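A structural walkthrough
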Amino acid sequence: MYQDLLEMERKLDWTMRRKKVEIQDTLSRNPTTTRTLRIFMSHTVSGQLWQTGADPSQAPNFETGEGIPAWAFKIEGRLLEPPNQRSKDRVAPRKFSTFIKRMVIELDRDPALYADGNIVEWPRAPGHQNPALDGFTIRRTGDALTKIRVVMYLEHFPEQYKVQPELGSILGIKEDSRIGVIQALWNYIKIQGLQDKVDRRMIRADEHLKPIFGGDSASFQKLPELVNRYLTTPDPIMLYYTVNPSVPPPERPGAWDVELKTEDVALKGRMGAMVQTSKESAQSLAKLDEEIAILAQSLHNSHLKKTFLESFANDPAQFIQTWLESQSRDLETILGSGPSEGMTVRQEELKRSEFFSLPWVEEAVAIQEGMRLASKGMQ
């Protein structure tokens, strides 16, 4: 039973090591997931006639700003929490601007009447001068109805590309990462059996892939290059909003949900915790290994005692004879005498009288004489 447990332990250790390597390989490729980014858009107004109740004939004060109608457009966003997420897997929320590569806000206003700019562009750039933001606010003067178009380029992880119809119709995908498109093409090749039977590095094109390859075949190493020809920048997110300063703004902001590819931080954290052994766990495992070693030694000692007592119970006389012979051989080995006498370092000591006055000599003589008398009596 103990040997069976050892074999099971070896299998378990091998499985755990294999899973650990698989997890480390997955962590090196950064697990990804699809999350929902909820975008909020709202506006506020100030200095409008319906707010101040001022006489329309009274001119506004441009020095103090009093009486000048104005409005402010605000856009914010946040990632929605995945359902059934554990509380310990939650991480600090990212700022809204970290999900955007570039954003352009276009205002549909007459440039002859409003000269403060109808196009606002925000390109993300690294550095302290461009900190992460929770939202953006655009302020303008005026009381006319304004239509707003928001053009937003999202920051996906991994980076997403639009697949041109020539390749997308074959693979059945419209947008994916570069690695995802290459993997889809490779799956198509394997399913269709297009890999050359003799030279596995060559791919034989079917009727669908001939326009993609530009011929009847292509090498495996050229697949990434061929795929890159059919990848373009993905279409931006288009959002529309209307600011009407002549009426009170809505009490609640408008909300739009868009899908975003991002790194799965929660899964990466859980997998990392499985790979990295904590100090407490290491100490606990070391203590268990020590206890197992002690118990194994105890089992071994018990087995030796059992064998010793069974041998004595089965044939006491033979057991005593065998035991005495063993003890005699051990004594000869210690003293350097016996069959090898004359060839050991004890030879010079035997020539001295002090040697026979040692305390153990009397016991050795008694044992030897007892063995001689016993053998004589048996004759």
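First, a word on scope: everything that follows refers to the structure included in this document. (Residues numbered from 1 in each chain as written. Predicted model: local features only at pLDDT ≥ 70, side-chain atom pairs only at ≥ 80, totals over all residues. Heavy atoms only, no water.)

Considerations on a nonpolar patch on the surface
There is a patch of nonpolar side chains on the surface, built from F308, L309, F312, I320, W323 and L324 and spanning about 550 Å² of accessible area. Taken together, the elements giving at least two residues each to the nonpolar patch come down to α8 (279-314) and α9 (316-335). Secondary-structure assignment places L324 in helix α9. (Patch = residues over 30% accessible without salt bridge, like charges linked within 9 Å, V, L, I, M, F, W, Y side chains within 5 Å. Areas by Shrake-Rupley, 256 points an atom, 1.4 Å probe, with all protein chains shown as cover. Salt bridge = Lys/Arg side-chain N within 4 Å of Asp/Glu carboxyl O. Helix = DSSP H or I, 4+ residues; strand = E, 2+ residues; numbered from the N terminus.)

Description of the sheet that holds strand β3 (residues 100-108)
Note on sheets: strands pair through backbone hydrogen bonds, and any given pair is parallel or antiparallel. Strand order in the open sheet formed by four strands is β4-β3-β6-β12, and the pairing between neighbours is antiparallel. In this open sheet, the two strands that pair with only one neighbour each are β4 (119-123) and β12 (237-243). Between one strand axis and the next, the sheet turns by 15° as a mean value, whatever way the strands run. As paired elements, β3 and strand β6 (residues 146-154) share eight bridges and run antiparallel to each other. By the bridge assignment, V104 is partnered in β6 with V151. (Pairing = 2+ DSSP bridges. Axes fitted to C-alpha atoms, helices over the stretch in contact; angles between N-to-C directions.)

Observations regarding the side chain of D196
Within the fold, D196 resides in the loop between α4 (178-192) and β9 (202-204). For D196, a relative accessible area of 13% corresponds to the buried category. A distance of 2.8 Å separates a polar side-chain atom of D196 from the backbone nitrogen of V198. (Buried < 20%, exposed > 50% of the residue type's maximum accessible area, 1.4 Å probe, protein only. Polar contact = N/O pair within 3.5 Å; in protein donor to acceptor, adjacent residues only side chain to side chain.)

Some words on the nonpolar core
Considering soluble globular proteins, one finds that nonpolar side chains tend to be buried as a cluster. With 26 residues, the main nonpolar core has I39, F73, I75, I148, V150 and M152 as its most contacted residues. Taken together, the elements giving at least two residues each to this core come down to β1 (32-46), β2 (70-79), β3, β5 (135-141), β6, β12 and β13 (254-263). The next biggest cluster of nonpolar side chains, apart from the first, holds 23 residues, and it includes V163, L194, L223 and L231. (Core = buried A, V, L, I, M, F, W, Y, C linked by side-chain atoms within 4.5 Å.)

Some remarks on the packing of aromatic side chains
Think of a pair of aromatic rings as described by two things: how far the centres are apart, and how the planes are tilted against each other in angle. Summed over the entire model, instances satisfying the criterion amount to six aromatic pairs. On the basis of an interplanar angle of 75° and a centroid distance of 5.1 Å, the ring pair of W186 and F220 is categorised as edge-to-face. Taken together, the positions of W186 in helix α4 and F220 in the loop between β10 (217-219) and α6 (223-228) put the pair 34 residues apart, joining distant regions of the chain. Ring pairs connect the aromatic residues F96, W122 and F136, which therefore count as one cluster. One Lys or Arg, R109, reaches over the ring of Y114 and ends 4.1 Å from the middle of that ring. (Phe/Tyr/Trp six-rings, centres within 6.5 Å; stacked < 30°, edge-to-face > 60°. Lys NZ or Arg CZ within 6 Å of the ring centre and 35° of its normal.)

Topic: the pattern of salt bridges
Taken as a whole and judged by the stated rule, the model has 17 salt bridges. With a shortest N-O distance of 3.4 Å, R124 and E155 are connected by a salt bridge. Of this pair, R124 sits in the loop between β4 and β5 while E155 sits in the loop between β6 and β7 (160-163); the two residues are 31 residues apart in sequence, bridging distant segments of the chain. A residue is classified by how much of its surface remains accessible, and E155, at 25% relative accessible area, is partly exposed.

What to know about the environment of T34
Its place among the elements puts T34 in strand β1. With relative accessibility at 37%, the residue T34 sits in the partly exposed group. Considering only alpha carbons, one finds T34 and P82, 48 residues apart in sequence, at a separation of 9.7 Å. Beyond its immediate sequence surroundings of up to four residues, T34 is in contact with E259, L260 and K261. A polar contact of 3.1 Å, which involves the side chain of T34, links it to the side chain of K261. (Contact = heavy atoms within 4.5 Å.)

Quick word on the sheet that holds β1
As summarised here, the arrangement of the four strands in space is β5-β2-β1-β13, forming an open sheet in which the pairing is antiparallel. Each edge of the sheet is formed by a strand with only one pairing partner; in this case those strands are β5 and β13. Averaged over neighbouring strand pairs, the angle between their axes works out to 20° when direction is ignored. Where β1 lies against β13, 10 bridges are found, and the strand directions are antiparallel.

Comments concerning α4
Each α-helix turn comprises 3.6 residues. Residues three or four places apart therefore point the same way. End to end, α4 covers 21 Å across 15 residues, agreeing with the expected 21 Å (1.5 Å per residue, within 8%). What α4 keeps buried is the set V181, L185, W186, Y188 and I189. Each buried residue of α4 lies within a common arc of 155° when the element is viewed along its axis, so the set occupies one face. Exposed side of α4, more than 90 degrees from the buried face: I179 and I191 are the residues found there. On the buried face of α4, the contacting elements are β7, α3 (165-171), β8 (175-177), β9, α6 and β11 (231-232). (Expected span 1.5 Å × (residues − 1). Arc of directions from axis to C-beta.)

With respect to the pairing of β6
Pairing of β6 with β12 involves seven bridges; the strand directions are antiparallel. Residue V150 lies in a different strand from β12, and its bridge partner there is L239.

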